[in-house]
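Per-entry structural report
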Amino acid sequence: QVQLQESDPGLVKPSQTLSLTCTVSGGSITTNYYYWSWIRQPPGKGLEWVGTIDYSGSTYYSPSLKSRTSIFRDTSKNQFTLQLISVTPEDTAVYYCARAVAGPSDEYDYWGQGTQVTVSS
């Protein structure tokens, strides 16, 4: 049973960097051929794929967020981390980490519970 848990970012102010860590249990983030993704849902809107790091460490980013996004992993801790720089209130959303099985941005089979990120001064 794979479980994913997002960290609580706490207060995030405009222009700062959002950092979220997903801790995975019940499966290794290096196992072929899974993709470890970040997805967000702004208030009143649908799910938006942010980016992914795959089993080999390769990264994939939403074109709309690529310039501000980085994802990296710590295999010793079975964690992967999202960093989103220069945040604005438009980045307010529930952020989820999830595992994808068919590619970087679809067919998610396990999800974290989500964490609320509010960008406000």
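Only a predicted model underlies this, so the values are computations on that prediction, with no experimental measurement involved.

In this section: the pairing of strand E3 (residues 35-41). Most of E3 is tucked away: six of the seven residues are buried. Direction of pairing for E3 relative to strand E4 (residues 48-54): antiparallel, over a ladder of six bridges. Looking at E4, one finds that Trp 36 is bridged to Ile 53. Once E3 ends, the chain turns through six residues before running back antiparallel as E4, passing Gly 44 with a positive phi of about 75°.

Moving on, we get to the environment of Thr 31. Within the fold, Thr 31 resides in the loop between strand E2 (18-25) and E3. Classification of Thr 31 as partly exposed rests on a relative accessible area of 33%. Sequence separation between Thr 31 and Trp 49 is 18 residues; the distance between their C-alpha atoms is 21 Å.

Okay, the pattern of salt bridges next. One pass over the structure, following the stated rule, counts four salt bridges. The partner of Arg 40 in a salt bridge is Asp 91, and the shortest N-O contact between them spans 2.9 Å. With Arg 40 in strand E3 and Asp 91 in the loop between strand E7 (79-84) and strand E8 (93-103), this pair connects stretches of sequence that are 51 residues apart. Here Asp 91 makes a salt bridge to Arg 68, at a shortest N to O gap of 2.9 Å. Residue Asp 91 is found in the loop between E7 and E8, and its partner Arg 68 is found in the loop between strand E5 (59-61) and strand E6 (69-74); the two are separated by 23 residues along the sequence. Each of Arg 40, Glu 48, Arg 68 and Asp 91 takes part in a single network of salt bridges with overlapping partners.

Relative to the helices and strands, Thr 115 is located in strand E10 (residues 115-117). The residues touching Thr 115, leaving out its near neighbours within four places in the chain, are Glu 6, Ser 7, Asp 8, Pro 9, Leu 20, Ala 93, Val 94 and Tyr 95.

The next point concerns the state of the cysteines. Enumeration according to the criterion identifies one disulfide in this entry. Each sulfur in the disulfide pair Cys 22 and Cys 97 lies 2.1 Å from the other. Disulfide Cys 22 to Cys 97: torsion about the S-S bond roughly 65°, handedness right-handed. Here the residue Cys 22 occupies a position in strand E2, and Cys 97 occupies one in strand E8, the gap between them amounting to 75 residues.

If you walk across this open sheet you meet the four strands as E1-E2-E7-E6, and the pairing is antiparallel. Both outer strands of the open sheet, strand E1 (3-6) and E6, are each paired with one neighbouring strand and no more. Ignoring which end each strand starts from, the neighbouring axes of this sheet average 20° apart. As paired elements, E1 and E2 share four bridges and run antiparallel to each other. Bridging from a neighbouring strand, Gln 3 pairs with Ser 25 of E2.

Once that is clear, we can look at the nonpolar core. If you look at the biggest cluster of nonpolar residues, it comprises 24 residues, and the most contacted ones within it are Leu 4, Leu 18, Val 24, Trp 36, Trp 38, Phe 80 and Tyr 95. Here this core gets four residues from one element, more than from any other, and that element is E2.

Rules of the game
Residues numbered from 1 in each chain as written. Predicted model: local features only at pLDDT ≥ 70, side-chain atom pairs only at ≥ 80, totals over all residues. Heavy atoms only, no water. Buried < 20%, exposed > 50% of the residue type's maximum accessible area, 1.4 Å probe, protein only. Helix = DSSP H or I, 4+ residues; strand = E, 2+ residues; numbered from the N terminus. Pairing = 2+ DSSP bridges. Salt bridge = Lys/Arg side-chain N within 4 Å of Asp/Glu carboxyl O. Contact = heavy atoms within 4.5 Å. Disulfide = S-S within 2.5 Å. Axes fitted to C-alpha atoms, helices over the stretch in contact; angles between N-to-C directions. Core = buried A, V, L, I, M, F, W, Y, C linked by side-chain atoms within 4.5 Å.

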